[in-house]
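Now for the letters of each chain:
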Amino acid sequence: MANRSSLCLRDLPLFSKVGLDVFRPVCAVADKRALRRGERLFAQGDPVEAVHLIKQGSFKLVRVTEDGREIVLRLANQGEILGEDALFQQSSYAASAVALEEARVCSISRERLEGVIRQRPDLAWQVIASLGSRLYELWAQLTDLSGQTIREKVLSLLVRLATEHGERRPEGTLICLRLTQEDMAGMVGASRVRVALALRELGEEGRLCKQGNRYVLRDNCSLGREQSK
């Protein structure tokens, strides 16, 4: 993967087999955008018109249900793509993408990507495989959370975030995302109060601590399953 300053859509495995001569005109017209923490890249219900590469920062995908509840579907970090379904159908975003920190994004229009796919039909299969993998991850995530207590759900979430977005420190694994208790509540399907209680219990047990606005998962939490107490 390229470094943060030069990361480009073509650096992703999804587009790695597309020739530079084919991809250069696409990149030439790509839209570059900087976002502040809390700013939306797109909103639930907006038409899907582009594919977005996260060049820097991270986003939460938030869906508002009919009864007004906010559900955090997933977190997307640097190097991930948002809006792949723009390649297959004219639809609307099922969730809003909200920046968790200062972020930079590179966006390519549906029309330009369709042109690339016409020249390289095999690219469509790569996109299908990517979407299939994403759906499997979501299904596995929901399966892992079913039947758990709120405390277990919060710990499972922290373990997964430490695995996907963690940085090793002497005291444990720093989760390199600035998450609020509301964010975590939306991801585990619980109230903020119950999540706050679970976080306090995990802290009292020595499994978790905070460094500024970020959480550190202690080494006595296995990155896979919670160790028996």
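Up top you'll find the structure we're talking about.
Source: prediction; values computed, not measured. (Residues numbered from 1 in each chain as written. Predicted model: local features only at pLDDT ≥ 70, side-chain atom pairs only at ≥ 80, totals over all residues. Heavy atoms only, no water.)

> Describe in detail the sheet that holds strand β7 (residues 96–99), supporting the description with residues and values.
With respect to topology, four strands assemble into an open sheet ordered β2-β7-β4-β5, the strand pairing being antiparallel. Unpaired on one side and paired on the other, β2 (40–42) and β5 (70–76) mark the two borders of the sheet. Strand after strand, the sheet turns through a mean of 30° between neighbouring axes, direction not considered. Summarising the sheet, β2 and β7 pair through two bridges and their orientation is antiparallel. Bridged to Phe42 within β7 is Ala97. Contacts from helix α5 (residues 181–188) reach β4 (59–64) and β5 within the one sheet, and its direction differs from that of β5 by about 100°. (Pairing = 2+ DSSP bridges. Helix = DSSP H or I, 4+ residues; strand = E, 2+ residues; numbered from the N terminus. Axes fitted to C-alpha atoms, helices over the stretch in contact; angles between N-to-C directions. Contact = heavy atoms within 4.5 Å.)

> So what's going on with the sheet that holds strand β1 (residues 31–35)? Residues and values would help.
The sheet built from four strands is open, its strands ordered β1-β8-β3-β6 with antiparallel pairing. Looking at which strands have only one partner, the edges of the open sheet turn out to be β1 and β6 (81–82). Of the pairings in the sheet, the one linking strand β3 (residues 50–56) to β6 comprises two bridges and is antiparallel in character. If you follow Leu53 over to β6, its bridge partner there is Ile81.

> Could you give an account of the pattern of salt bridges, with specific residues and numbers?
Enumeration according to the criterion identifies eight salt bridges in this entry. Among the salt bridges present, the one from Glu39 reaches Arg33, with a minimum N-O distance of 3.6 Å. Judged by relative accessible area, which is 30%, Arg33 ranks as partly exposed. Put simply, Asp183 and Lys60 hold a salt bridge, and the shortest N to O gap is 2.3 Å. One end of the pair, Asp183, is in helix α5; the other, Lys60, is in strand β4, with 123 residues separating them in the sequence. Note on Lys60: relative accessible area 15%, which makes it buried. (Salt bridge = Lys/Arg side-chain N within 4 Å of Asp/Glu carboxyl O. Buried < 20%, exposed > 50% of the residue type's maximum accessible area, 1.4 Å probe, protein only.)

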